[in-house]
Structures are given as C-alpha cells and as structure tokens.
Amino acid sequence: MQVLVVDDDVVSRMVMMHLVDSCGAYEVAEAEDGEDAWNQLRAGLRPGICFCDLRMPNLSGMELLARVKADPELEAMRFVLASSAGDHATMAEANGLGAGGYIIKPFERDQVLAQLAGLAPHAAGLVEEAEDPRVTMERLGIDGARLLVYLGGFDTQLAEAGPALAALLAGDGQGEARARIERLHAGCVTLGLGGAAVRLDALGLGLLDEARIDRALTATRAAVRKQDERVRKMAPQRAD
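What counts, and where the lines are drawn
Residues numbered from 1 in each chain as written. Predicted model: local features only at pLDDT ≥ 70, side-chain atom pairs only at ≥ 80, totals over all residues. Heavy atoms only, no water. Axes fitted to C-alpha atoms, helices over the stretch in contact; angles between N-to-C directions. Helix = DSSP H or I, 4+ residues; strand = E, 2+ residues; numbered from the N terminus. Parallel < 35°, antiparallel > 145°, perpendicular 65-115°, else oblique. Left-handed = near helix turned anticlockwise from the far one by under 90°. Contact = heavy atoms within 4.5 Å. Nonpolar A, V, L, I, M, F, W, Y, C, P; charged D, E, K, R; others polar. Pairing = 2+ DSSP bridges. Disulfide = S-S within 2.5 Å. Buried < 20%, exposed > 50% of the residue type's maximum accessible area, 1.4 Å probe, protein only. Patch = residues over 30% accessible without salt bridge, like charges linked within 9 Å, V, L, I, M, F, W, Y side chains within 5 Å. Areas by Shrake-Rupley, 256 points an atom, 1.4 Å probe, with all protein chains shown as cover. Salt bridge = Lys/Arg side-chain N within 4 Å of Asp/Glu carboxyl O. Expected span 1.5 Å × (residues − 1). Arc of directions from axis to C-beta. Core = buried A, V, L, I, M, F, W, Y, C linked by side-chain atoms within 4.5 Å. Polar contact = N/O pair within 3.5 Å; in protein donor to acceptor, adjacent residues only side chain to side chain.

So, about the packing of helix 8 (residues 174-190) against helix 9 (residues 194-202). Between two packed helices, both the angle of their axes relative to each other and the distance between the axes serve to describe the pair. Packing of helix 8 against helix 9 leaves a shortest axis separation of 8 Å and a crossing angle of 165°. On the basis of their axis angle, the class for helix 8 and helix 9 is roughly antiparallel. The handedness of the crossing between helix 8 and helix 9 comes out as left-handed. Mapping the contact onto sequence places Ile181, Leu184, His185, Cys188 and Val189 in helix 8 and Ala196, Ala197, Leu200 and Asp201 in helix 9. For the contact of helix 8 with helix 9, the residue count by class is 7 nonpolar, 1 polar and 1 charged.

Put into structure tokens, the structure is as follows:
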C-alpha cells in the first residue's frame, strides 16, 4: 500500500517516513507542502492514507483536507492530520471536514501504527469504481431491465437518506445513522458499486456530520446514475 507523507519541515517528514517504514512494507511518497501534495494527487497519485502536517505554507493541511474530501476520486483516502497543537477546536474542525485521524507531535511509532492498522484492501486502491454490469447481472441472476429497476430504486433510497440522516444527527441518533449508512453500503456492494461502497465505508472513520454524509451520498448517486447509463448503452436485455 502507498502512503503519502506531507510536511514542510524536512526533519519531521523524514521522521514520519521512517516510522511508516518501521510499521510494515509500505511504499512511501513525500510532499514538501500541501500544494506539492495536491499537484501529485491531481497527477494520479493514489495513496491509501495520507499523513499531513497541519500548518504549512502555500496550502495548509486543513485546506488540503478540504480539497481531498471534495474530490469524489480522492475522498475515500484516509487523511490523518499531524500537529503540535492538541486543542479540541482544531480536532473538531478536522473531524468535521472528514479527517480519519489526528496525531500529535513529536510522533511515536504506536501513533502511526494505530492509524495504519485495519486499513482495508480497498484503501490501497484495489477496488474498481464499479464492476461491469454484465458481471453484476450474472452474479445476481438478473437481466438488464431488472438491474435498471434495482438501480432506480437504490437512487430513490439515497435521495431519501439525506434528509432522514440529517434528522437523526440533529438528535441523538449517531448509532441509528451509522446503521442506515451500513445498509446503503450493503446496497452498493450488492450492485457492484465498489467506489461508492468505499466512500460510504469511509464515513465510519470519524464522527458523522451532515456535510460529510451529503458529500458521500452525492458521489454515490453519481455512481448509480453512471452505472445506469452503462446498462442502457448495452444491447437490449430481456425483462424478468
């Protein structure tokens, strides 16, 4: 799995890279600041996790986090902010933007290992955005017409999920909201929408909030519509 380390302080960057190396067989990439990291990501770099310093020139860690989580192709990447500041306000802001973790300088191996532990294979970019619709149809034992019905029904569920989840979060419904997101995740897996499943799964890495959920649902609905188009472009399928 590839790991990206972003820090404008070369010594801190080297220390973090060494700690990552000591935790397992990882391919480590580095960036000297947030702008450098963003350019590498836009050029196609796809790490499973990013360790990023909070305060940097050109583009701060918080600004890079916001860009990453706003990009459907990058938002599933686990993003861990690193700083000497341990105040709750900073951590709350990072959590609200979708950070998967927050570690405090000086770095310790156990901190890094804890962030790397449990990363699923899809975090390394091993899952395609969506499987071939023919594979989905064969796996489910259905034809194209039925798959279109399933996709349409799932899109309706996603549209209804936004307001319902917002209402749950307005109260004390974190647990129920997570359960509903897990059901949507199962729907993505069933319909072969691997990338969307990753994005929904990534919501479990931090405190749920309406903005993060809205981004994930928007990206998931886009994946559903794209798969719908792929099915419609295929040869006509017999209805069940």
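The rest of the description comes next.
The next point concerns the sheet that holds strand 1 (residues 2-6). Here 5 strands make up an open sheet; going across it, the order is 2-1-3-4-5 and the pairing parallel. Two strands in the sheet have a free side with no partner beyond their single neighbour: strand 2 (27-31) and strand 5 (101-104). Here the average twist between neighbouring strands, direction ignored, is 20°. Pairing analysis gives 4 bridges linking strand 1 to strand 3 (residues 49-53), with the strands arranged parallel. Within strand 3, the residue paired with Val5 across the bridge is Phe51. Helix-sheet contacts for helix 2 (residues 34-42) involve strand 1 and strand 2, and the interaxial angle to strand 2 is about 125°. With respect to the sheet, helix 3 (residues 61-69) is in contact with strand 3 and strand 4 (78-83), its orientation differing from that of strand 4 by roughly 170°.

The subject of this paragraph is unusual backbone geometry. Backbone geometry follows two general trends: most residues other than glycine have a negative phi, and most peptide bonds adopt the trans configuration. The step from Lys105 to Pro106 runs through a cis peptide bond, and the omega angle for that step is -5°. Along the chain, Pro106 falls in the loop between strand 5 and helix 5 (109-116). One non-glycine residue, Asn58, lies in positive phi territory at about 70°. Position of Asn58 among the secondary structure elements: in the loop between strand 3 and helix 3.

This brings us to the state of the cysteines. Inspection of the entire model under this criterion finds 0 disulfides. Lacking any disulfide linkage, Cys50 is separated from the closest cysteine sulfur, that of Cys52, by 4.9 Å.

This next bit is on the side chain of Asp155. Note on placement: Asp155 falls in helix 7 (residues 144-170). Residue classification places Asp155 among the buried residues on the basis of a relative accessible area of 17%. Excluding anything up to four places from it in sequence, Asp155 contacts Arg221, Val224 and Arg225.

Let's shift gears to a nonpolar patch on the surface. On the surface, a nonpolar cluster with roughly 350 Å² of combined accessible area is contributed by Val10, Val11, Met14 and Val15. Take Val15: it is sitting in helix 1 (residues 10-22).

With that settled, consider helix 8. End to end, helix 8 covers 24 Å across 17 residues, agreeing with the expected 24 Å (1.5 Å per residue, within 8%). Buried residues of helix 8: Ala177, Ile181, Leu184, Gly187 and Cys188, and no others. The buried residues of helix 8 occupy an angular sector of 105° when projected down its axis, which confines them to one face. Exposed and facing more than 90 degrees away from the buried side of helix 8 are Gly175, Glu176, Glu182 and Arg183. The inward-facing, buried residues of helix 8 abut helix 7, helix 9 and helix 10 (210-232). Phi turns positive one or two residues past the end of helix 8, at Gly192, with a value near 75°.

Time to look at the nonpolar core. Grouped together as the largest cluster of nonpolar side chains are 30 residues, with contacts concentrated most on Phe154, Leu165, Leu193, Leu200, Ile213 and Leu217. Contributions of two or more residues to this core are made by helix 7, helix 8, helix 9 and helix 10. Counting residues per element, this core draws most heavily on helix 7, which supplies 9 residues. With 24 residues, the next largest nonpolar core counts Leu4, Cys50, Leu64 and Leu81 among its residues.

Tracing the chain through its elements places Glu30 in strand 2. Taking the relative accessible area as the measure of exposure, Glu30 reaches 38% and is therefore partly exposed. With 24 residues separating them along the chain, Glu30 and Val6 place their C-alpha atoms 5.8 Å apart. Leave out the neighbours within four places in its chain, and Glu30 touches Leu4, Val5, Arg13, Met17, Asp36 and Gln40. A polar contact is formed between the side chain of Glu30 and the side chain of Arg13, at a distance of 2.8 Å.

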